[in-house]
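One letter stands for each residue in the lines below.
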Amino acid sequence: MATETMTEKALEAAPPPSRSRRAALAWPIARRALTGVVTLWCISVIVFVATQAMPGDVAHIILGPGASSEQVAQLNQNLGLDQPLLSQYLDWLGNVLTGNMGDSIVSGQPVSELLSERIFNSATLTVIAMVFIIPLSLVIGLLAAVFRDKLLDRAYLGTSLIVTATPDFVIGSLVIALFGTVVFKVLPPVSLIPPGDAPWEHPRQLVMPLAVMVLVGVTYLSRLVRVSFIDVLESEYVQLAIIKGLSMRRILFLHALPNALAPSIPAASIMAAYTIAGSVVIEYLFAYPGIGSALVDAVAGHDLPMVQAIIMLMAAAFFCFNQLADLLGTLNKSR
Amino acid sequence: MIRTRPREQGVQAPPRNLTRRILTSPRTRLGLIMLLVMILFSVLGPFFAPHSPTAVLAKPYADPGDGLLLGADSLGRDILSRILSGGANLTWMAIAATFGGVALGTAIGLIAAYAGGIVDTLLMRVVDVMLTFPTIIMAILFISMVGPSRLILVVLVAIGLTPGMARVMRGAARPVIRREHVMWARTIGLSSSRILMREVLPSVTSPLLVETGLRLMWSVVGLASLSFLGFGVQPPASDWGLMVSENKDGLAIQPLAVFIPAVCVALFTIGGNLFAEGAARVIGRTEGARS
């Protein structure tokens, strides 16, 4: 879905033919910035409507069914829920824009303080995963394309079909069973990072969540690399290079690689976006203290300000990576 | 060599033998069989469960024996019975969500393609906004407020599937709208709904079929993942995704309580993917579009 969406969007949003290259670049960027602001605003409305403006009493959801009416009134006042909806929304939006996400209902600490370490942990995990995913995908995609329809390629396609279809939590559970508990007991089955420590101070804890993220990511990205390599290898200039008798290595690395790389870059960005959504499952499975597991905890504890903040953050990050992918795709096309 | 690929205007085989054509691929057949087996297993399983899936019958993580063929789970319930009755909810919810999402997405896509102009632009903008919200995050957001009712889960997953479906179907329908038989139907003044149902829809059955297989896979993945996170089917009811998270702490003692439900989910989704990819390949080969 992601790729075809991307290319389709890129085609639609192709800039009008312009003489200078700078104009060709400025138009898509300006257009995207504008739709970006509108979309982020839409997201804020969705998050607000789904949480604070929900029919039914938010205070009751937070406090549980056994709450007394004074408690409910008190909480309503604290959260500003007795104000008219529009002013509630404007207050909330103003706070979000100034980075003040309120206090956690469960712990009473500011949300921004609670989340900063979680965000850092999640970002670390994602960045390390991407460092492995991108080169591995390139190599695997290239090999599969070169040995197209041979045994290697078929084995690769079969494996990727299975991995793509298998939910992350299933892959994760099997990996834990294999390396953490049942077969080999070589790695810790949960990734508890003590608060205050940087994740890389505990490399053994990171291996399994990273392995799952890399496996899923490589499967997705390498398939796109494979297809773009096959396209390039079928193109006229590579055919010409083959006829000219250039060495295969020279053709692959000098001629095919740069051209096959271009469509893979936006795909990598899309993958980063999907990693954000996928992180919820993987972090929860390994009890990794990131933003995804924070969301699960916040929902379980009815911690409204935390839920709002995390979902806004995730949606915004997801959106930004998608837009980046889109933009990179358009730039490729216009080149 | 450069392979020339006939584009969309090319011959499109009549949809009547589409099913037969798709079933020539062993991959599609295998996928379909896996799907049917898993659906049958989920539907008939509860009737073969030797015990109640919610009754506590032994010590937590008890070994097989005492009439418990696979042993007991984290709370001492019969693993076999829980596995047999753990797919029913997932199956009906996934199928309902898939059909809801596919129907709504197809309707939006076809209407956008047919109407064009401002309607098209507006619908696609809405679809764009919806696409910026990952399904699982949206589902968690609403479930956190409304509570995990099964119907709401189905609706949320269906809504999550809709925008992608609308995009694909709009793309597939646009060239069809410009074909002669549709223009003829427009000229003689047939109603729009009739044209869409009788003239446009039959010409886009190939992508519809492939996309339905894919969405079924995503529905199962999404619903099972939500159950795993604790936002889906609620305990004490039995559900494969839930079983994995309930028993993951006892993985070292009772691995089967995690393994079997995990593999059940995987067989279901792999079946959906095999079907979709096999169908896409056959269609790509016979209709000349790139798969």
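Residues numbered from 1 in each chain as written. Chains lettered and ligands numbered in written order. Predicted model: local features only at pLDDT ≥ 70, side-chain atom pairs only at ≥ 80, totals over all residues. Heavy atoms only, no water.

Asks: Please give an account of the interface of chain B and chain A that cites residues and values.
Replies: Each side of the interface is counted separately: chain B has 51 residues, and chain A has 54 residues. Approximately 4700 Å² of surface area, both sides summed, lies buried where chain B meets chain A, with 73% of it carried by carbon and sulfur atoms. For the interface between chain B and chain A, the tally reads one salt bridge. With its nearest N and O atoms 2.9 Å apart, the salt bridge here joins Glu277(B) to Arg223(A). (Contact = heavy atoms within 4.5 Å. Buried area = accessible area lost by both parts, 1.4 Å probe. Salt bridge = Lys/Arg side-chain N within 4 Å of Asp/Glu carboxyl O.)

Asks: Let's hear about the confidence of the model for chain A: which residues, and what values?
Replies: Summing up the model confidence of chain A, the mean pLDDT is 79 and the portion of residues at 70 or higher is 88%. Low pLDDT (under 50) marks residues 1–18 of chain A, which in the prediction has 39 contacts with non-local residues, meaning those over four places away or in another chain. (pLDDT = per-residue confidence, 0-100.)

Asks: Give me the lowdown on the environment of Arg223(A), citing residues and values where you can.
Replies: Turning to its location among the elements, Arg223(A) is positioned in helix α9 (residues 203–234). Since its relative accessible area comes to 24%, Arg223(A) is described here as partly exposed. Spatially, the C-alpha atoms of Arg223(A) and Ile133(A) are 12 Å apart, while their sequence positions differ by 90 residues. With near-sequence residues (within four places) excluded, Arg223(A) lies in contact with Tyr156(A), Leu157(A), Ser160(A), Leu161(A), Val218(A) and Glu277(B). (Helix = DSSP H or I, 4+ residues; strand = E, 2+ residues; numbered from the N terminus. Buried < 20%, exposed > 50% of the residue type's maximum accessible area, 1.4 Å probe, protein only.)

Asks: Break down the packing of helix α10 (residues 205–229) of chain B against helix α12 (residues 256–287) of chain B for me, citing the residues and quoting the values.
Replies: Packed helix pairs are specified by the crossing angle of their axes together with the interaxial distance, meaning the distance between the axes. All names here are of chain B. Where α10 meets α12, the axes come as close as 9 Å, and the angle between the chain directions of the two elements is 160°. Considered as vectors, α10 and α12 are oriented roughly antiparallel to each other. Every pair of crossing elements has a handedness; the one defined by α10 and α12 is left-handed. Mapping the contact onto sequence places Ser-206, Leu-209, Val-210, Gly-213, Leu-214, Met-217, Val-220, Val-221 and Ala-224 in α10 and Val-265, Phe-268, Thr-269, Gly-272, Asn-273, Phe-275, Ala-276, Ala-279, Ala-280, Ile-283 and Glu-287 in α12. Of the residues contributing to the contact of α10 with α12, the split by class is 14 nonpolar, five polar and one charged. (Axes fitted to C-alpha atoms, helices over the stretch in contact; angles between N-to-C directions. Parallel < 35°, antiparallel > 145°, perpendicular 65-115°, else oblique. Left-handed = near helix turned anticlockwise from the far one by under 90°. Nonpolar A, V, L, I, M, F, W, Y, C, P; charged D, E, K, R; others polar.)

Asks: Go over the state of the cysteines with me, naming the residues and quoting the values.
Replies: Residues and elements named next belong to chain A. Tallied over the entire structure, the rule returns zero disulfides over all chains. No disulfide involves Cys-320; its sulfur sits 15 Å from that of Cys-42, the nearest cysteine. Note on Cys-320: relative accessible area 45%, which makes it partly exposed. (Disulfide = S-S within 2.5 Å.)

Asks: Describe the packing of aromatic side chains, with residues and values.
Replies: For any pair of aromatic rings, the description rests on two quantities: the centre-to-centre distance and the angle between the ring planes. Under the defined criterion, the tally for this structure stands at seven aromatic pairs over all chains. A ring pair is formed by Phe169(A) and Phe228(B), whose centres lie 4.7 Å apart and whose planes are at 15°; its orientation type is stacked. Residue Phe169(A) is located in helix α8 (residues 168–181), and its partner Phe228(B) is located in helix α10; the two belong to separate chains. A relative accessible area of 0% places Phe169(A) in the buried class. Chaining the aromatic ring pairs together yields one cluster made of Phe48(A), Tyr89(A) and Trp92(A). (Phe/Tyr/Trp six-rings, centres within 6.5 Å; stacked < 30°, edge-to-face > 60°.)

Asks: Now, about unusual backbone geometry: what can you tell me, with residues and values included?
Replies: Residue Pro235(B) is joined to Pro236(B) through a cis peptide bond whose omega torsion reads 10°. Of note, Pro236(B) is situated in the loop between α10 and α11 (240–247). One non-glycine residue with positive phi stands out, namely Asp149(A), at about 65°. Its place among the elements puts Asp149(A) in the loop between α6 (111–146) and α7 (151–165). We note that Ala287(A) has phi near 55°; this positive angle belongs to a residue other than glycine.

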